[in-house]
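Listed here are the chains, written in short residue letters.
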Amino acid sequence: MKAKTIFRIATACAVLACLGLTAAGQKHPRDLGPAPDLEFKLVPPVEFTLSNGIRCLFIEDRELPLVSLRGVFKGGSLYEPAEKSGLASLMGTVLRTGGTKKLTGDQINDELEFIAASIESMAGSETISVVGSALRKDFDKLVELYADIVRNPEFRQDKIDLARNQSLESMRRRWDQPMLVARLLFSEKLYGSDTPFGRRATPASLASIARQDLLDFHAGFFTPGNMILGIVGDLSAEEAREAFEKAFGTWPAKPVVLPDIPRLEERADGTITHGFRDTPQGNVIMGHLGVERGHPDEFKILVMNDILGGGGFTARLMRELRSNRGLTYGIYGGVFEGPAGNRGVFQIASQLKADKFVEALEIVKDIIRDMQNNLVTDEEMAVSKNSLINSFVFRFQEKSQVLAQFMGLKVQGFPDDYFDTYIDNIRGITKEDIRAAARKHMDPDRMIIVVVGDEKRFDKPLAEYGKVESIDIKALQEAEKVPAK
């Protein structure tokens, strides 16, 4: 045998021997045992307070030469006068676009565009936010423009008119969307149209808003003591503090008194509200009031929601009504916390197949009752807990996300160790906890049910299912119209 052939055989034997040793060292997945528990520890932002009382949260991030600002003020649509619904949203938009005493909105656009920076403002139900970002080298300019917008907005009339017209167009189109109509009606029925939670902005309420209303609303909530300012980026905490003191230090502090928001009353009595729309599917939202923010059952409810209707294709509602029966493309539901010390909502929403509509409603109720009467399975518990824990971790992938999460914690009044205990709180929930939460927080017989669709296409008349109240959606739409100026 030639030397070259002997060498090839020897090499092949060596490779096979190595492969054999490697295979012998591997284990089948079923022999690996359970994965170790995930350990997750967050480093909280640095906190400091400016001389006028602005609370600041800071996170250093040297990965890219960027800086981002996020300012949050308590205030929002829940605190606007009833006759001026839409004021907070309009103010949130025009705060940025309406310019300042020194610069018009268009001039601010030019300044920001020149340095490839951005500043935006918006209002929600409880807060008004102003966010901005720029390259590190333009940080001083960003802070200068940002502080000017926050402290000295001018709310120029042409930008008010532009934002108002855009809102009016959205209002006109909302009646063309059956699911959106169902949401509007559900909010009115659940909370009451005379409450900040249930009323909606209309063309008439928007028309009543004057520039002075925006100035007054801004003056009522934009003060140093009502602001939390966050920054994340390529600089030190001391650099951030120095820049903020320079930009905001002369802004005088003054007290802010948030208007009282009346406590919501439970109005759910099992009534079905039906509005006609010629749609191939039945649009439905059903439910009643939920729980207050920070409720002692919060983590039981989180797991319960995931199993019921929040866990996508693994949730019971989606699995039974879509995967097993083909009655919908999607359905979600759960018990949710409310803002401003009030109860949130328990709701289930979907677009259901019309010729099986009432049958689908019964299935939904049966699923709720089953969770109240029986224990969920071990597999459901494991899947939901893993899903919640994994999704929790992914909320902190970027340092800007970490900052936003901690700012939300502060604004909403959660304890400082909320994130540290979150995973253990989820792990500690039992199947008995889920059954108890389902019994305590969901009542399928008392749910308000709002239906938008063509009842003639349904498998049964709604009257056979419960007490029905009909609503003329077209009349509601016409009543909203106001004569053009």
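The model shown is predicted, which means the values in this text are computed figures rather than measured ones.

Conventions used here
- Residues numbered from 1 in each chain as written.
- Predicted model: local features only at pLDDT ≥ 70, side-chain atom pairs only at ≥ 80, totals over all residues.
- Heavy atoms only, no water.
- Pairing = 2+ DSSP bridges.
- Helix = DSSP H or I, 4+ residues; strand = E, 2+ residues; numbered from the N terminus.
- Axes fitted to C-alpha atoms, helices over the stretch in contact; angles between N-to-C directions.
- Phe/Tyr/Trp six-rings, centres within 6.5 Å; stacked < 30°, edge-to-face > 60°.
- Buried < 20%, exposed > 50% of the residue type's maximum accessible area, 1.4 Å probe, protein only.
- Salt bridge = Lys/Arg side-chain N within 4 Å of Asp/Glu carboxyl O.

Next up on the list: the sheet that holds strand 13 (residues 448–453). Reading across the sheet, the 6 strands line up as 10-12-8-13-7-14 and stay open at both edges, with mixed pairing between neighbours. The open sheet is flanked by strand 10 (328–335) and strand 14 (468–471), the only strands paired with a single partner. Adjacent strand axes in the sheet meet at a mean angle of 15 degrees, parallel and antiparallel pairs treated alike. Taken together, the 9 bridges between strand 8 (residues 281–289) and strand 12 (residues 345–353) define a ladder with antiparallel strand orientation. Following the sheet pairing, L289 is matched in strand 12 by V345.

Tallying each qualifying case throughout the model produces 18 aromatic pairs. Measuring from centroid to centroid gives 3.9 Å for F73 and F222, while their planes differ by 20 degrees, and the two rings are stacked. Of this pair, F73 sits in strand 3 (residues 66–74) while F222 sits in the loop between helix 8 (211–221) and strand 6 (227–233); the two residues are 149 residues apart in sequence, bridging distant segments of the chain. There is no split in this pair, since F73 and F222 are both buried. Among the aromatic residues, those joined into a ring-pair cluster are F299, F392, F396, F406, F414, Y418, F419 and Y422.

A side chain of one charge can pair with a side chain of the opposite charge if their charged atoms are brought near each other. The tally for this structure, following the rule as stated, stands at 39 salt bridges. Residue E144 is joined to K141 by a salt bridge in which the shortest nitrogen-to-oxygen separation is 3.5 Å. Of the two residues, E144 and K141 both sit in helix 4 (residues 139–151), 3 residues apart, roughly one turn of that helix. Taking the relative accessible area as the measure of exposure, E144 reaches 42% and is therefore partly exposed. On the basis of relative accessible area, K141 is assigned to the partly exposed category, the value being 26%. By sharing partners, the salt bridges in this structure join R174, E188, R200 and E480 into a single network.

You will see that A116, though not glycine, has its phi angle at about 55 degrees, which is positive. Structurally, A116 can be placed in the loop between helix 3 (105–114) and strand 4 (118–123). A116 sits in the exposed class, given a relative accessible area of 62%. The residue F155 is not glycine, and still its phi comes out positive at about 50 degrees.

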